[in-house]
2 protein chains.
Amino acid sequence: MSAYDDIIQLALERGFYFPSCELYSDSSAGFWEYGPNGVKIKNKFLELWRRELVRRDGMLEIDGTQIMSKKVFLASGHLKNFSDPVVKCKKCNSSFRADKLIQDEVKMEVSERLQSEKVDLLIKENDIKCPNCNGDFYKSERFNMMFKVEIGPNHDEAYLRPETCQSIFVDFPRIFKVSRGRLPLGIAQIGKSFRNEISPRQGLLRLREFYQAEIEVFCNPQKLDDLQKFEDVKDTILRIYDKQMIEITASQALEKEILPNKLVAYYLSLLVNFFNKTGISNKRTRLRRLSDDEKAFYSSVSFDFEVDTSFGWLELVACNYRSDYDLLSHSSTSKANLHVMDDEIKVLPHVFELSLGVDRCIYSILEHSYFIDKEKDDRVLLKLKPYLSPVQAGILPLLKKDEFKNKSQMLLSLINKDFDVFYDESGSIGRRYRRLEEIGTPFAFTIDHQTIEDDTVTIRYRDSMSQERIKISEVRSFLIKSLCID
Amino acid sequence: MSAYDDIIQLALERGFYFPSCELYSDSSAGFWEYGPNGVKIKNKFLELWRRELVRRDGMLEIDGTQIMSKKVFLASGHLKNFSDPVVKCKKCNSSFRADKLIQDEVKMEVSERLQSEKVDLLIKENDIKCPNCNGDFYKSERFNMMFKVEIGPNHDEAYLRPETCQSIFVDFPRIFKVSRGRLPLGIAQIGKSFRNEISPRQGLLRLREFYQAEIEVFCNPQKLDDLQKFEDVKDTILRIYDKQMIEITASQALEKEILPNKLVAYYLSLLVNFFNKTGISNKRTRLRRLSDDEKAFYSSVSFDFEVDTSFGWLELVACNYRSDYDLLSHSSTSKANLHVMDDEIKVLPHVFELSLGVDRCIYSILEHSYFIDKEKDDRVLLKLKPYLSPVQAGILPLLKKDEFKNKSQMLLSLINKDFDVFYDESGSIGRRYRRLEEIGTPFAFTIDHQTIEDDTVTIRYRDSMSQERIKISEVRSFLIKSLCID
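All of these numbers come straight from a predicted model, not from anything done at the bench. (Residues numbered from 1 in each chain as written. Chains lettered and ligands numbered in written order. Predicted model: local features only at pLDDT ≥ 70, side-chain atom pairs only at ≥ 80, totals over all residues. Heavy atoms only, no water.)

The strands making up a sheet associate through hydrogen bonds between their backbones, and the pairing can be parallel or antiparallel. All names here are of chain B. Taken in spatial order, the three strands line up as 4-9-8 in an open sheet, and their pairing is antiparallel. Edge positions in the sheet fall to strand 4 (67-69) and strand 8 (148-151), since each of these pairs with one other strand and no more. The mean angle between the axes of side-by-side strands here comes to 45 degrees, regardless of whether they run parallel or antiparallel. (Pairing = 2+ DSSP bridges. Helix = DSSP H or I, 4+ residues; strand = E, 2+ residues; numbered from the N terminus. Axes fitted to C-alpha atoms, helices over the stretch in contact; angles between N-to-C directions.)

Below you can see the structure in the form of structure tokens.
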């Protein structure tokens, strides 16, 4: 089995994630949901993101609606440009993303932005037929990837947002004003976005409904190197890939002009420091500089934070210097003046963005944490950071007798409100340890004969399998200490 | 100004919440978003809900997609029944919710389930005209309140869920299986739901896109009084309204048959205990028993948890014993067998539901916490529970000098990752205190001349305005202690 298959099997069997509406077998691809263990790891991951980026930097977080006015997407360009080329078979009615189809059949790089005439020509020249039934295709069309909805009895046109950042741009004037903000100001948002993909990929990697955690840093373009707090992170080691891989500190990267300014270097460093705490192996990550062909037309410099997975390099965070593209578009469509004062000078802020795909991060953390222990009966374990583990503590009475249950309940009621605890009394103690290891539980507390005598329990550690005794009254402070983030 | 006006003004000016897409003035009603202070109080409220209900009871939490298959809503009955009567003016094209219109014009109680012929008759009999232009109406229609979306290039029909509980029902078989669940089993979900209201109300009270926190307890209908854990909450005092108000313990309510069984009594008690920790005044809440006319047809017993606001009694949580209505509907549409084993007997579980409207709770907490201090310059303060306050600590250097800033930074870096802290150096110290009180910050730490000498700061308490000195090194443990939930 591939690593992907291992993870998907674990996800399905242990309630990390699974397809939406699976009771109805015809349900559409690209919709997955989080089960109990998935919700817990996702929430802890997002809490870590808040801690290491939002709170650390003093950013402001908002939570905007997912249904947004048509005018927002007129201004942003999504109504006109956010589309993929699609072809439909005349015989069996199957639809395909044209650029991917040509790419697969002709083994050439094809841009998704290819014009319709060019698409039709390539299909004709290469005699490409429907992969399902060998039929011919209708002329290609552009398929807009936004989901449309109609509001109220007058059917006003609106859209599910295809990216969370649009809420941040349109809310910027109010947030800046009511927070008495100063540039640079980071505004962050966690939330769902929606893209009507033509052919969504398996699992959490390309979804039609997905979580983003986005940060838009509004800054004065004249002061990108005027950033005192850069000093705090200047020694952060960055792995930058630009035709070749180099490992370099943030300040060296600035000196050698590998990074354009302190502001970009500072936020990329925060991002790397954050990922170093997720359990994703640092040596299997990189900041890849995008070529001019790859990056969005509004971005003057773009880096993808990528992680090495069993699929190859996977983009987790898009980091784009979007300049004044967004505020300018919204200002011209809404006729609002979006300039703000920075040290008594009027500025239309530029934006540096860190756009993180949450679901892909969760997948990557699971893949990097997954181990099969050859030394010990091929036990499967997730070596998750304790503060990211869905279940932090197991409580296991050795026997099903009342006195064991009572002591277990005593421990449970001490810790179950503030920690994620799983109480398990069924099966052999070995099997119960296995079940906990499989979902990454770092600590198992066993109630045994000695507990009845002296109110101590054993702690068993997931990775080393070593054990030690501790008083029940000390378990709470043990957990607080062990779940601290350094 | 009314209490509502006070809250909305505070919400707008201090970034609790505000209309979505407000840059585009034509944006539709019923869409509001949370600003930085709103996000923080909402997240803390939800964390308290998780602590006091989900974790305490050992429930499982899922996070499902918002776009769901058409078949789900065929089964649930929403496609057929989830509609309001609407009338449209022939002259000015305005649309109105017919039942509300008749109610306003004729001052009679009208059900939203009134048949179209009856609506038309009432409009004719009472000669009701368009309130905008005095025009006549077209015949009334039923307006389905679900938002429709189309998936993929074949335009497959799907809907934004109108309630989060449908994800829980369709996921029940997998969750029960992979968690090796036992009845009773609570499955919880926090997430967005969507209702295309004809005329949404102001603010957070009736939204088209809103947050729910729902719990569905799956249980064996033969064992509703077989619940050991009821003992833990039997002395909870419940305020039950059923034609008259009574205050009674959970166990007395059972004895007197005011509540039907231990399971219902247990979960209502957990709910009341939870709300007692939110800062909503207990004496201004009640569990109102719904009459047969009011409750949903599938519910054998229904209570609304209501709170007294400046609008009168507002429903925060709908508590319905839904029996086997949902699992039966999904089982018959999907042809899946949804029975589970309970102590070696096959059971189709019944469901008791606690469906909480998050946005209304946030509004109610703000209204109940809002005080104008007549003793002290009419200062406005939010007397929020410290663990629900958006900002937990202010850091205020008395002077703008470097030595004051440095000490402030020292304190900031000790606490800003793990607590919500606001650093403020502008304006008089009095005005800075006011700004913190207005958003409910319980503690303000001031860096003054003595700080420079001995590394102590003053703590100022929001409610009493009293002050005391504390070492900077002790602030962290002071906050941990003061933010504990009892």
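With that settled, consider the relation of the copies chain B and chain A. Relating one copy of the chain to the other requires a rotation about an axis plus a shift along that axis. For the pair chain B and chain A, the superposition axis carries a translation of 0.0 Å, the fit reaches an RMSD of 0.0 Å, and the rotation angle comes to 180 degrees. Here the two chains are linked by the operation of a two-fold rotation axis. In terms of proximity to the rotation axis, the leading residue of chain B is B:Val149, whose C-alpha is 3.0 Å off the axis. The overlap is high: 100% of the interface residues of chain B also sit at the interface in chain A, so the same surface is used on both sides. (Least-squares fit on C-alpha atoms with pLDDT ≥ 70 in both. Contact = heavy atoms within 4.5 Å.)

Next up on the list: the pattern of salt bridges. Inspection of every chain in the model, using the stated rule, returns 84 salt bridges over all chains. B:Asp343 is the salt-bridge partner of B:Lys223, the closest N and O atoms lying 2.8 Å from each other. Linking B:Lys223 in the loop between strand 11 (209-219) and strand 12 (237-242) with B:Asp343 in the loop between strand 17 (340-342) and strand 18 (345-347), this pair joins segments that are 120 residues apart in sequence. Residues B:Asp455 and B:Lys407 are paired through a salt bridge, measuring 2.6 Å at the closest nitrogen-oxygen approach. Taken together, the positions of B:Asp455 in the loop between helix 14 (449-454) and strand 25 (456-461) and B:Lys407 in helix 12 (residues 402-415) put the pair 48 residues apart, joining distant regions of the chain. What you see here is one network of salt bridges that share partners, running through A:Arg51, A:Glu52, A:Lys277, B:Lys417, B:Asp418 and B:Arg476. (Salt bridge = Lys/Arg side-chain N within 4 Å of Asp/Glu carboxyl O.)

Glancing now at the interface of chain B and chain A. Tallying the contact residues gives 85 residues for chain B and 85 residues for chain A. When chain B packs against chain A, close to 7,000 Å² is buried across both sides, 53% of that on carbon and sulfur atoms. Its largest share of buried area at the contact with chain A, chain B owes to B:Leu23, B:Tyr24 and B:Lys417, together 11% of the area lost on that side. Counting every contact that joins chain B to chain A gives 10 salt bridges. Across the pair A:Lys42 and B:Asp63 runs a salt bridge, and its minimum N-O distance is 2.9 Å. The interface formed by chain B and chain A contains 36 residue pairs in polar contact (both at pLDDT 80 or more). (Buried area = accessible area lost by both parts, 1.4 Å probe. Polar contact = N/O pair within 3.5 Å; in protein donor to acceptor, adjacent residues only side chain to side chain.)

All names here are of chain A. Partitioning chain A into structural domains gives domain 1 (3-79 + 146-368), domain 2 (86-144) and domain 3 (391-482). A C-alpha centroid distance of 39 Å is found between domain 1 and domain 3. Counting each side, the surface lost to burial between domain 1 and domain 3 is near 580 Å², with a carbon and sulfur contribution of 47%. Looking only at domain 1, the three residues that lose the most surface to domain 3 are Arg14, Lys40 and Lys44, adding up to 68% of its buried area. Here domain 1 and domain 3 share two salt bridges between them. Our count for the domain 1 to domain 3 interface comes out at three residue pairs in polar contact (both at pLDDT 80 or more). When residues of the side of domain 1 that touches domain 3 are assigned to their parent elements, the largest contribution, three residues, is made by helix 2 (residues 36-57). The class makeup of the residues in the side of domain 1 that touches domain 3 is two nonpolar, one polar and three charged. (Domains from an automatic or database assignment. Nonpolar A, V, L, I, M, F, W, Y, C, P; charged D, E, K, R; others polar.)

Our next topic: the packing of helix 1 (residues 3-13) of chain B against helix 11 (residues 358-369) of chain B. Residue and element names in this part refer to chain B. Packing of helix 1 against helix 11 leaves a shortest axis separation of 10 Å and a crossing angle of 110 degrees. With respect to helix 11, the axis of helix 1 lies roughly perpendicular. Facing helix 1, whose interface residues are Ala3, Tyr4 and Ile7, helix 11 presents Tyr363, Leu366 and Glu367. Along the lines of polarity and charge, the residues of the contact of helix 1 with helix 11 split into five nonpolar, no polar and one charged. (Parallel < 35°, antiparallel > 145°, perpendicular 65-115°, else oblique.)

A few words on helix 6 (residues 116-125) of chain A. In an α-helix, one turn spans 3.6 residues, which is why side chains three or four residues apart end up on the same side. All names here are of chain A. When we look at burial in helix 6, the residues that qualify are Ser116, Val119, Leu122 and Ile123. Along the long axis of helix 6, the arc covered by the buried residues comes to 125 degrees, so they all point the same way. Along helix 6, the residues that are exposed and aim more than 90 degrees away from the buried face are Glu117, Lys124 and Glu125. (Buried < 20%, exposed > 50% of the residue type's maximum accessible area, 1.4 Å probe, protein only. Arc of directions from axis to C-beta.)

The full count for this structure, using the stated rule, is zero disulfides over all chains. The thiol of A:Cys21 is unpaired, and the distance to the nearest cysteine sulfur, on B:Cys165, comes to 13 Å. (Disulfide = S-S within 2.5 Å.)

Next up on the list: the side chain of B:Thr236. Residue and element names in this part refer to chain B. Structurally, threonine 236 can be placed in the loop between strand 11 and strand 12. Taking relative accessible area as the criterion, threonine 236 reaches 9% and is therefore assigned buried. A polar contact is formed between the side chain of threonine 236 and the side chain of asparagine 273, at a distance of 3.3 Å.

A word on unusual backbone geometry. Going from A:Leu183 to A:Pro184, the amide bond is cis rather than trans, its omega being -10 degrees. With respect to the helices and strands, A:Pro184 occurs in the loop between helix 7 (165-178) and strand 10 (185-194).

Bringing the side chain of A:Ser76 into the picture now. Residue and element names in this part refer to chain A. Mapped onto the elements, serine 76 comes out in helix 3 (residues 70-76). A relative accessible area of 9% places serine 76 in the buried class. A polar atom in the side chain of serine 76 sits 3.5 Å from the backbone oxygen of phenylalanine 73. When residues no more than four places from it in sequence are discounted, the contact partners of serine 76 are Gln166, Tyr325 and His330.

Residue and element names in this part refer to chain B. Among the residues of helix 13 (residues 429-438), those classed as buried are Arg432, Tyr433, Arg435, Leu436 and Glu437. The elements touched by buried residues of helix 13 are strand 21 (379-382), strand 22 (393-397), strand 23 (421-423), strand 24 (443-447), strand 25 and strand 26 (467-471). At the exit of helix 13 stands glycine 440, carrying a positive phi of roughly 85 degrees.

Glancing now at the sheet that holds strand 6 (residues 95-97) of chain A. All names here are of chain A. The antiparallel open sheet is built from three strands, whose spatial order is 6-5-7. Each edge of the sheet is formed by a strand with only one pairing partner; in this case those strands are strand 6 and strand 7 (141-144). Neighbour to neighbour, the strand axes of the sheet diverge by 45 degrees on average, direction disregarded. Examined bridge by bridge, strand 5 (residues 83-88) and strand 7 share four bridges and lie antiparallel to one another. Within the sheet, the bridge partner assigned to valine 86 lies in strand 7 and is glutamate 141.

So, on to the packing of aromatic side chains. Taken as a whole, this structure holds 38 aromatic pairs over all chains when the rule is applied. Ring geometry for A:Phe443 versus A:Tyr461: centroids 5.9 Å apart, planes at 85 degrees, classification edge-to-face. Placement of the pair is A:Phe443 in strand 24 (residues 443-447) and A:Tyr461 in strand 25 (residues 456-461), with a sequence separation of 18 residues. Members of the aromatic cluster, each reached through a chain of ring pairs, are A:Phe45, A:Phe274, A:Phe275 and A:Phe305. Stacked on the ring of B:Tyr433, the Lys or Arg B:Arg460 has its end atom at 4.0 Å from the ring centre. (Phe/Tyr/Trp six-rings, centres within 6.5 Å; stacked < 30°, edge-to-face > 60°. Lys NZ or Arg CZ within 6 Å of the ring centre and 35° of its normal.)

Another point: the environment of B:Pro153. Its location among the elements puts B:Pro153 in the loop between strand 8 and strand 9 (156-160). The buried category is assigned to B:Pro153, whose relative accessible area is 15%. Here B:Pro153 is in contact with A:Val86, A:Ser95, A:Phe143 and A:Ile198, once residues within four sequence places are set aside.

All names here are of chain A. Where helix 12 (residues 402-415) contacts helix 15 (residues 475-482), the axes come no closer than 9 Å and their chain directions differ by 45 degrees. Viewed along their axes, helix 12 and helix 15 adopt a mutual orientation that is oblique. You can see that helix 12 and helix 15 cross each other, and the crossing is right-handed. On the side of helix 12, the interface is formed by Leu411, Leu414 and Ile415, while helix 15 contributes Val475, Arg476 and Leu479. (Left-handed = near helix turned anticlockwise from the far one by under 90°.)

So, about the pairing of strand 19 (residues 350-357) of chain B. All names here are of chain B. When you tally the buried positions in strand 19, you get eight out of eight residues, the bulk of the element. A two-sided burial pattern is seen for strand 19, the buried positions comprising His350, Phe352, Leu354 and Leu356 on one face and Val351, Glu353, Ser355 and Gly357 on the other. For strand 11 and strand 19, the ladder comprises eight bridges, and the chain directions are antiparallel. Directly across from alanine 213, in strand 19, lies its bridge partner leucine 356. One ladder, built from six bridges, connects strand 16 (residues 312-323) with strand 19; its direction is antiparallel. Residue pairing for strand 19: asparagine 320 is matched across the bridge by glutamate 353.

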